[in-house]
Amino acid sequence: MVAFSISCCHLENIQSMVWGSAHNFLPKKNSKLTVKHKYSYASSIGREKNMSHLKMSAAMDDNTSSSSSSTINIERPLANFHSSVWGDYFLSYTPQLTEISSQEKVELERLKEKVRQMLVETPDNSIQKLELIDTIQRLGVAYHFKNEIQTSINNIFDASQQSKNEDDNLYVVALRFRLLRQQRYYMSSDIFKKFTNKDGKFKETLTKDVQGLLSLYEAAHLRVHGQEILEQALSFTLTNLESMGPELSNSSHKAQVSAALSQPIHTNLPRMTARKYISIYENIESHNNLNLLLKFAKLDFNIVQKVHQRELGELTRWWKDLVDQFPYARDRLVECHFYTVGIFFEPQYSRARELMTKVLVIYTLIDDTYDAFATFDELVPFTDALDRCGCDISVIGSVPPSLRPTYQALVDLYTQIEEKFIREDKLDRLYYAKNEMKKVARAFFKEAEWLNAGYIPKCVEYMKNANITTTCMMGATISLALMEEPITKETFEWIINEPLILRASSTINRLKDDCIGHNLEQERKHIASFIECYMKEFGGSKQDAYAEAQKKITNAWKDMNKDFLCSTNDEVPTFVLELVINIARVAYIFEENDIASAHGEFKNRINLLFVEPVNV
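How each quantity is defined
- Residues numbered from 1 in each chain as written.
- Predicted model: local features only at pLDDT ≥ 70, side-chain atom pairs only at ≥ 80, totals over all residues.
- Heavy atoms only, no water.
- Helix = DSSP H or I, 4+ residues; strand = E, 2+ residues; numbered from the N terminus.
- Contact = heavy atoms within 4.5 Å.
- Salt bridge = Lys/Arg side-chain N within 4 Å of Asp/Glu carboxyl O.
- Buried < 20%, exposed > 50% of the residue type's maximum accessible area, 1.4 Å probe, protein only.
- Phe/Tyr/Trp six-rings, centres within 6.5 Å; stacked < 30°, edge-to-face > 60°.
- Lys NZ or Arg CZ within 6 Å of the ring centre and 35° of its normal.
- 1 Å grid on protein atoms, 1.4 Å probe; cavity = no way out; pocket = protein on both sides within 12 Å on 5 of 7 lines; lining within 4 Å.
- Points joined across faces, edges and corners; volume = space filled by probe spheres on them.
- Nonpolar A, V, L, I, M, F, W, Y, C, P; charged D, E, K, R; others polar.
- Domains from an automatic or database assignment.
- Core = buried A, V, L, I, M, F, W, Y, C linked by side-chain atoms within 4.5 Å.
- Polar contact = N/O pair within 3.5 Å; in protein donor to acceptor, adjacent residues only side chain to side chain.
- Axes fitted to C-alpha atoms, helices over the stretch in contact; angles between N-to-C directions.
- Left-handed = near helix turned anticlockwise from the far one by under 90°.
- pLDDT = per-residue confidence, 0-100.

A. The arrangement of the side chain of E311 in detail. Positionally, E311 belongs in helix α11 (residues 290–320). The residues contacting E311, other than those within four sequence positions of it, are H337, S350, R353 and E354.

What follows is the structure, encoded as structure tokens:
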């Protein structure tokens, strides 16, 4: 039950609709272990409906056994995953094809310096400065100007603390509030009281202010617990934006309202925000420096896209040599890379991103090994090997023969990671990477124990373990370890002790996944999701369980916002906290229609980020 791979977990439905009938898997002989799998499949139509258990006849030669093999009938919880919708597509992205030309590099630097100059020269106490920072962030190029933006935001915050809060422009007040909180400056929500009546409700005159409502709507998503005025603001703006959206005559306003209602800035991945906002910004008439900023953003997007394409080309070549060993598991390399890009997309993290994608691919494989292949008796020694030895090849003999390819793949990956750390003189980080691997293995095994015993846990017990099996905690820790950034031991100790912001991010991933996917998972023998746990513990309906899950997701966002604002910069760097929040944002890429739609919305999103360049 890996929540990061909702795409992996549910893409099989999309694929069958996109490509037609299910694909036939033809497992190949494993030359190392001489493991032969003979799958007894029903017709392709029958397979797509309900095949929770398939009989597999396995003739296995253990290296420690005699030359004669015995036939063992094993009932395995196979899930019948379909093959990748991308296949070998990204093999075509060679280093030559994705090379960034000298002309592109020179032009990017020229435009960057002009934008930097504009940013520095615009007065900090002006509306223009607020709008400029907001635009740069939404266009996805703020990573070029971190120091300049930080200096400006600090000056804006100081000025706001000294003023008497006399500004009565809702658009400006809400924009300033959001920009400051996004940079971890705490501005009181009381600034919005001036826009309410004596009864505490927002003034009806605001319902005609489209830009003001949009600005307040986006700001309200950065609320923390106990800020009732922002709760009212969210309800007020949502109601009015939904009602006015279809009636707006201004096409630019209409597009902005539609985009905001579809995915607010705070819950959307920066890279997806950039791709969408570039097209919106093209059609905004009331702004200055259109050509300069837009040209820079488009060029930067396409250059970064080439970096991601090159990574996918290399990753596809790596995975192509491994994938046939695991016919029972999901082939979701591209989807895992999308997840990694969601965590950190900047070009300087390219090598770290490639390794992190490999981590996610292998952990998807391990998840399917626990979930959709191995028997409980096989998982006992497998988990023990992982937990005791932490990817030590010398103990592979204690691993059941059918699971040795999986163990070998994990050992090979951690050998790569170790070599990277040695080269960069960061070998101390290997402990944290292995520690998280062991935690995930123990949590997967806990689920296997529950399933084997037919046990449905209480919600609190389920969530404690599920926050680990989402692999969000593992993903955050290993991503940090792989990044080419100076990160202190204190920061690593902070993150492996599961701080509030990380638990909240995991909660969002788990519950979003459970709400979307529990029906599909329960078609076969599978651990109970939060939905089943809630219904059993409280006797409620499925709708009650959904409502409770949504309530927990909402509260988790408030927890994240609080921890983001309250953690001091000296204690935890901002980029670490942003990485954790991005992990929560990934969960919002997956919606119900990604399962039901023949168009495959998630596939379209991957296409926008990795295939189609922005029109310059």
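B. The pattern of salt bridges, seen in detail. For the structure on display, the rule yields 32 salt bridges. Among the ionic pairs, D124 bridges to K129, the shortest N-O distance being 2.5 Å. A relative accessible area of 24% means that D124 is categorised as partly exposed. Within the structure, one salt-bridge network assembled from shared partners comprises K420, E424, K426 and E484.

C. The arrangement of helix α18 (residues 472–482) in detail. In terms of burial, α18 is largely enclosed, as 11 of its 11 residues are buried. Every buried residue of α18 is listed here: C472, M473, M474, G475, A476, T477, I478, S479, L480, A481 and L482.

D. Geometry of the packing of aromatic side chains. For the structure shown, the criterion picks out 25 aromatic pairs. Between Y89 and F90, the aromatic rings sit 5.0 Å apart at their centres with planes inclined by 90°, giving edge-to-face as the arrangement. Accessibility expressed as a relative area gives 36% for Y89, which makes it partly exposed. For F90, a relative accessible area of 1% translates into the label buried. Every member of this aromatic cluster is reached through a ring pair, and the members are W86, Y89, F90 and Y93. Against the face of F301 rests R271, its NZ or CZ located 3.9 Å from the ring centre. The cationic tip of K603 hangs over the ring face of W86; the distance from NZ or CZ to the ring centre is 5.1 Å.

E. Inspection of the layout of surface pockets at higher detail. Estimated volume of the largest pocket: approximately 1100 Å³. In this structure, the largest pocket is lined by 40 residues; those nearest its centre are K146, Q182, Q183, T574 and E578. No other element matches helix α23 (residues 574–586), which puts seven residues into the lining of the largest pocket. Across the lining of the largest pocket, the residue classes tally to 19 nonpolar, 13 polar and eight charged. When residues of the lining of the largest pocket are assigned to domains, at least three map to each of domain 1 (122–285) and domain 2 (322–340 + 347–593 + 601–610).

F. Structural context of the nonpolar core. One finds I136, F192, Y414 and F610 to be the most contacted residues of the largest nonpolar core, which totals 190 residues. Built from parts of two domains, this core gets at least three residues from each of domain 1 (122–285) and domain 2 (322–340 + 347–593 + 601–610). When neighbours within four sequence positions are excluded, I136 is seen to be in contact with V115, L119, V141, A142, F145, I149 and L293.

G. Fine view of the environment of F81. Residue placement: F81 occurs in the loop between β3 (70–76) and α3 (102–121). Between the C-alpha atoms of F81 and A329, which are 248 residues apart in sequence, the distance is 6.8 Å.

H. Highlighting the environment of D199. Inspection of the secondary structure assignment puts D199 in the loop between α6 (170–182) and α7 (210–220). Classification of D199 as exposed rests on a relative accessible area of 54%. Looking at D199, its side chain comes within polar contact range of the main-chain nitrogen of K201, at 3.0 Å.

I. Fine view of the packing of α3 against helix α4 (residues 127–138). Two numbers describe how α3 lies on α4: the axes approach to 9 Å, and their chain directions differ by 145°. With respect to the hand of their crossing, α3 and α4 are arranged in left-handed fashion. Facing V115, M118, L119 and V120 of α3, the residues of α4 in contact are K129, L132, I133 and I136. Broken down by class, the residue content of the contact of α3 with α4 amounts to seven nonpolar, no polar and one charged.

J. The arrangement of empty space enclosed by the protein in detail. Applying the stated rule across the entire model yields seven cavities of 30 Å³ or more. Reported here for the largest cavity is a volume of approximately 140 Å³. The set of elements that each furnish at least two residues to the lining of the largest cavity consists of α9 (251–262) and α10 (270–282). When residues of the lining of the largest cavity are assigned to their parent elements, the largest contribution, four residues, is made by α10. When grouped by side-chain class, the residues that make up the lining of the largest cavity number five nonpolar, four polar and three charged.

K. Here's a closer look at the confidence of the model for the protein chain. With 83% of its residues at a pLDDT of at least 70, the protein chain reaches an overall mean of 85. In this model, residues 1–71 is a region of pLDDT below 50 whose contacts with residues beyond four sequence positions or in other chains number 186 contacts.

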